[in-house]
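Each chain is listed here by its residues.
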Amino acid sequence: MIRTHYSTQITPEMNGSSVTICGWAHEIRDLGGITFLVVRDREGLVQVTLFKKTIDKNVLETVRNISRESVVAVTGNIKKEAKAPNGYELIPTKVEVLGKAESPLPMDTTGKVDADLDTRLDVRFMDTRRPYTQSIFRIRHLILKSIREYLGREGFIEITTPKVVATATEGGTALFPITYFEREAFLNQSPQLFKQLMMSGGLDRVFEIGPIFRAEEHDTRKHLNEATSIDIEASFIDHEDVMVILENLVKYVYSNVAENGGSYLKTLGVELKIPETPFKRITYDEAIKIACDNGEQIEWGDDLTTESEHSIGKTIGEHYFIVDWPSKIKPFYAMPYENKPELCRAFDMMHPRMELSSGAQRVHSYELLRSRITEQGLNADGFDFYLKAFRYGMPPHSGWGLGAERLLMTMLGIDNIREVVLFPRDRKRLSP
RNA sequence: GUCCGGAUAGUGUAGCGGCCUAUCAUGGAGGCCUGUCGAGUCUCCGACCCGGGUUCAAAUCCCGGUCCGGACGCCA
């Protein structure tokens, strides 16, 4: 290993000891008699100081020829120095250029000149060198890590389901067709059917964090053609129970980020407000009424328009659930109420800005499921692999899917979903 | 897909018929400078998206294309 210390592992008290730091040449400031090389690694910055009078000529020459953003390894001695940032500087004995950077750079990494998101996405490898961008992905990591912790503690087993599937079964959203040897196949739009199979499969509580693909030609700041879905499915519990799991999960994730991501939040200028549980529940009827009262053009039976979603969100002002949806605008596997089958045991979990999650208690009766599929205009034959599991002992079960990118962007107050994906896939962007 | 706005050095911008040999910042090259920390300072370098049109004259106006941003639509 070349590195002995990250920048943040060095303290002024280490005065006199020798270390090797590795990173990118953030800036070189040559003042004539004294030259400063600022090296940036994942954690922070280190000032390397060269005095013309005492430094080895070759070392000075090397440093003066380093281009910005080149990768360097610097070995030297820590010197406690009040005039230096962080109270210390590194007096080099050896400076190596491990990866030279060409010039000019495709974007500024120092924060002096902002680049457009489009420019940044074209050179994401350089954009992620910036503390701002890196903080987003460090928080994304914290979120996913805390979700695994939380669900693990709640008895959920992490599973992985196929992303290449045989048929465009669920209807609705468009799928990406692909070639699978001599057959046509599709990229999976959701792990829905597979996680349900595992309820019949006896795993009782499962979750998956994985990619989903949707071939919709949407062009908005909250849609992606490849997104990350956080999905759970659990047996012997109803939609109310999984709503409690969901709101507690969101609260846990926020608390966890607040606790462990303070420096990243600060870099992003975010003051995190931890949502209070339980989240407010409003029925679909109430949601429509709020939208209408706010002057929106929407009728009972419609899915929420973008404007209604914003309008209701503004009225509520915090995370909330919309429950008791019309059965006909929810998928076939949502369980209708026994005494009022036009409504179903489905819910959406909303942030004031957008929908974050939707879920339901599922239909677990084979006959009902089959007729629901047909009612929604789908061909039940394509669902054989799925329906079969309902014929040999399927427990009652419920679950939800939560959009990871939406959770992250609403948490951080980021406007464009592309900002929170390393390499976003949208209508126009397929590379990098 | 519809509507609106936009595209100027590597990056981010000003200019919106002649004053453009195109502004400013950042950057790059080369000087000066022993405490910089968005260093300072001097000199130089580097751009009007593509195609067509209008005009004596186009970065600027018009048409088409491509791409970008926003709103909406689409989105089990």
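Worth saying up front: this structure is predicted, and the values here are computed from it rather than measured. (Residues numbered from 1 in each chain as written. Chains lettered and ligands numbered in written order. Predicted model: local features only at pLDDT ≥ 70, side-chain atom pairs only at ≥ 80, totals over all residues. Heavy atoms only, no water.)

It is worth spelling out the overall build of chain A at this point. Helix and strand counts for chain A stand at 12 helices and 17 strands. With the C-alpha coordinates aligned to their principal axes, the bounding extent of chain A is approximately 90 × 55 × 40 Å. Sorting the 432 residues of chain A into buried and exposed places 53% on the buried side. Looking at chain A, you have 54 positive and 62 negative side-chain charges, and the mean spots of the two groups are 7 Å apart. (Helix = DSSP H or I, 4+ residues; strand = E, 2+ residues; numbered from the N terminus. Buried < 20%, exposed > 50% of the residue type's maximum accessible area, 1.4 Å probe, protein only. Lys, Arg positive; Asp, Glu negative; His and termini not counted. Charge placed at Lys NZ, Arg CZ, Asp CG, Glu CD.)

What follows concerns the side chain of Glu69. Its place among the elements puts Glu69 in the loop between α1 (57-64) and β4 (71-80). Exposure remark for Glu69: the relative accessible area of 2% places this residue in the buried category. Dropping the residues within four chain positions of it, Glu69 is found in contact with Trp24, Ala25, His26, Arg40, Ala101, Leu105, Thr109, Met126 and Arg129. (Contact = heavy atoms within 4.5 Å.)

Where helix α4 (residues 131-153) meets helix α6 (residues 239-260), the closest approach of the two axes is 9 Å, and the angle between their N-to-C directions is 135°. One element, α4, and the other, α6, form an angle in the oblique class. Crossing hand, α4 versus α6: right-handed. Taking contact as the criterion, the partners of Ile139, Leu142, Ile143, Ser146, Ile147, Glu149, Tyr150, Leu151 and Arg153 in α4 are, on α6, Ile245, Asn248, Leu249, Tyr252, Val253, Asn256, Val257 and Asn260. A per-class count over the contact of α4 with α6 returns 11 nonpolar, four polar and two charged. (Axes fitted to C-alpha atoms, helices over the stretch in contact; angles between N-to-C directions. Parallel < 35°, antiparallel > 145°, perpendicular 65-115°, else oblique. Left-handed = near helix turned anticlockwise from the far one by under 90°. Nonpolar A, V, L, I, M, F, W, Y, C, P; charged D, E, K, R; others polar.)

The next point concerns unusual backbone geometry. Across residues other than glycine, the phi torsion is negative in most instances, and most of the peptide bonds are trans. In this model, Ser103 is joined to Pro104 through a cis peptide bond whose omega is 0°. As for its position among the elements, Pro104 is in the loop between β5 (88-99) and α2 (117-122). Omega for the peptide link from Thr277 to Pro278 comes to -5°, which places this bond in the cis form. Along the chain, Pro278 falls in the loop between α7 (262-268) and β12 (280-283). Although it is not a glycine, Asn86 sits at a positive phi angle of roughly 65°. Tracing the sequence through the fold places Asn86 in the loop between β4 and β5.

The next point concerns the sheet that holds strand β8 (residues 177-180). Sheet strands associate in pairs through backbone hydrogen bonding, adopting either a parallel or an antiparallel arrangement. If you walk across this open sheet you meet the three strands as β7-β9-β8, and the pairing is antiparallel. Each edge of the open sheet is held by one strand with a lone partner, namely β7 (164-165) and β8. Across four bridges, the pairing between β8 and strand β9 (residues 183-187) is antiparallel. Within β9, the position partnered with Thr179 by the bridge is Glu184. (Pairing = 2+ DSSP bridges.)

Okay, the pairing of strand β3 (residues 45-51) next. By the criterion of burial, β3 is predominantly enclosed, with five of the seven residues buried. In this structure, strand β2 (residues 34-40) lies alongside β3, joined through seven bridges in antiparallel fashion. Each residue of the ladder has a partner; that of Ile34, found in β3, is Phe51. Remark: four residues form the turn of the hairpin made by β2 and β3, two consecutive strands paired antiparallel.

On to a nonpolar patch on the surface, then. Residues Val164, Tyr180 and Phe181 make up a contiguous nonpolar surface patch of roughly 330 Å² in combined accessible area. For Phe181, the position within the fold is in the loop between β8 and β9. (Patch = residues over 30% accessible without salt bridge, like charges linked within 9 Å, V, L, I, M, F, W, Y side chains within 5 Å. Areas by Shrake-Rupley, 256 points an atom, 1.4 Å probe, with all protein chains shown as cover. Salt bridge = Lys/Arg side-chain N within 4 Å of Asp/Glu carboxyl O.)

Counting 53 residues, the largest nonpolar core has Ile139, Trp400 and Leu412 as its most contacted members. When residues of this core are assigned to their parent elements, the largest contribution, 10 residues, is made by α6. What Ile139 contacts, discounting residues up to four positions off in sequence, is Val257, Tyr264, Leu265, Leu268, Leu408, Met411 and Leu412. Formed by 23 residues, the second largest nonpolar core is a distinct cluster that contains Phe186, Leu197, Met335 and Ala389. (Core = buried A, V, L, I, M, F, W, Y, C linked by side-chain atoms within 4.5 Å.)

Overall, the coordinates contain zero disulfides when judged by the stated rule. Of all cysteine sulfurs in the structure, the one in Cys344 sits closest to Cys292, which takes part in no disulfide; the separation is 20 Å. (Disulfide = S-S within 2.5 Å.)

For helix α10 (residues 366-375), the set of buried residues is Tyr366, Leu369, Arg372 and Ile373. Looking down the long axis of α10, one finds its buried residues gathered within 130° of arc, a one-sided arrangement. Away from its buried face by more than 90 degrees, α10 exposes Glu367 and Glu375. Looking at the buried residues of α10, the elements they touch are β14 (336-337) and α11 (384-387). Immediately beyond the C-terminal end of α10, within one or two residues, lies Gly377, with a positive phi of roughly 80°. (Arc of directions from axis to C-beta.)

Looking now at the confidence of the model for chain A. Per-residue confidence for chain A gives a mean pLDDT of 94; residues scoring 70 or more make up 99%. Reported confidences for the modelled complex are a pTM of 0.94 and an ipTM of 0.91. (pLDDT = per-residue confidence, 0-100.)

In helix packing, the relevant descriptors are the interaxial angle and the interaxial distance, both defined with respect to the helix axes. The N-to-C vectors of α6 and helix α12 (residues 404-412) enclose an angle of 55°; their axes lie 12 Å apart at closest approach. The angle between α6 and α12 places the two elements in the oblique class. Regarding α6 and α12, the two cross each other, and that crossing is right-handed. Note on element contacts: α12 touches α6 through Leu407, Thr410 and Met411, opposite Val253, Tyr254 and Val257. A class-by-class count of the residues in the contact of α6 with α12 yields five nonpolar, one polar and no charged.

This part takes up the pattern of salt bridges. For the coordinates displayed, the defined rule picks out 31 salt bridges. Close ionic contact of Arg42 with Glu43 constitutes a salt bridge, the shortest N to O distance being 2.8 Å. Residue Arg42 is classed as partly exposed on the basis of its relative accessible area of 46%. Between Lys94 and Glu96 there is a salt bridge, with the nearest N and O atoms lying 3.7 Å from each other. Each member of the salt-bridge network shares a partner with another, and the members are Arg120, Arg124, Asp127, Arg130 and Glu419.

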